[in-house]
Amino acid sequence: AVRLRKAKLWTSAMVIYVLFSKDKNSKDGDSKGYWMHHDRPVWEASLRFPSCQDTMTLVNVFQEAWKDCPKRRPVMVSVALLDLMPENMRNMTLFDEMYGGEKFDRLAHVMDSVNAKYGSTTLYLGGIHDVRNAAPPRIAFKSIPDMNLK
């Protein structure tokens with residue numbers, strides 16, 4: 001979400017893809033088993049929501065969808081934000097207040113300001129406190145992330 005705000009973009013869709021560990025009954029010696037996705041169960045969710053760019057709304061949308069995810073051991077979780085639109089093209093919603101949009105937007109901008117001044121990990125969501133070092137930023141393909149936006 002920090003990258004969305006920096007790029008002045010909004011999103012209104014999310015896709016979640018989960019790949020689980022192989023079933024116990026699968027043949028590990030199978031030559032086709034080399035491919036990561038072979039013989040592995042998957043789960044997908046496509047979600048729509050009022051346009052946003054704040055972390056709280058995106059986390060809430062993810063958590064609501066995650067309730068439907070099978071209770072298995074995931075080996076890969078992929079989240080993609082879709083329907084990105086520039087700030088000046090964003091459709092306003094009559095229900096922003098109902099979703100806490102304005103409040104979450106203000107909170108996100110305050111957190112961005114504090115993190116810009118004191119370091120990108122000064123303020124973060126409390127729910128990630130125990131695992132925040134478990135998944136550091138990675139370089140995806142040719143896109144080198146801005147390390148100031150962790």
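To be clear, the structure that these remarks concern was listed above.
What counts, and at which threshold
- Residues numbered from 1 in each chain as written.
- Predicted model: local features only at pLDDT ≥ 70, side-chain atom pairs only at ≥ 80, totals over all residues.
- Heavy atoms only, no water.
- Helix = DSSP H or I, 4+ residues; strand = E, 2+ residues; numbered from the N terminus.
- Buried < 20%, exposed > 50% of the residue type's maximum accessible area, 1.4 Å probe, protein only.
- Contact = heavy atoms within 4.5 Å.
- Areas by Shrake-Rupley, 256 points an atom, 1.4 Å probe, with all protein chains shown as cover.
- Pairing = 2+ DSSP bridges.

Caption draft 1: Structural detail: the overall build of the chain. A tally of regular secondary structure across the chain gives three helices and four strands. Its helices and strands in sequence order give the chain the pattern α-β-β-α-β-β-α, from N to C terminus. The proportion of buried residues among the 150 residues of the chain is 27%. Excluding contacts between residues fewer than 6 apart, the proportion of contacts in the chain whose partners are at least 24 apart in sequence is 73%. Carbon and sulfur atoms provide 57% of the accessible area of the chain, an area that totals close to 11,000 Å².

Caption draft 2: Spatial organisation of the pairing of strand β1 (residues 9-20). A large share of β1 lies buried, amounting to nine of its twelve residues. Direction of pairing for β1 relative to strand β2 (residues 42-52): antiparallel, over a ladder of eight bridges. Bridged to Met14 within β2 is Leu47. Pairing geometry for β1 and strand β3 (residues 74-82), over eight bridges, is antiparallel. Bridging across to β3, Val18 finds its partner in Val77.

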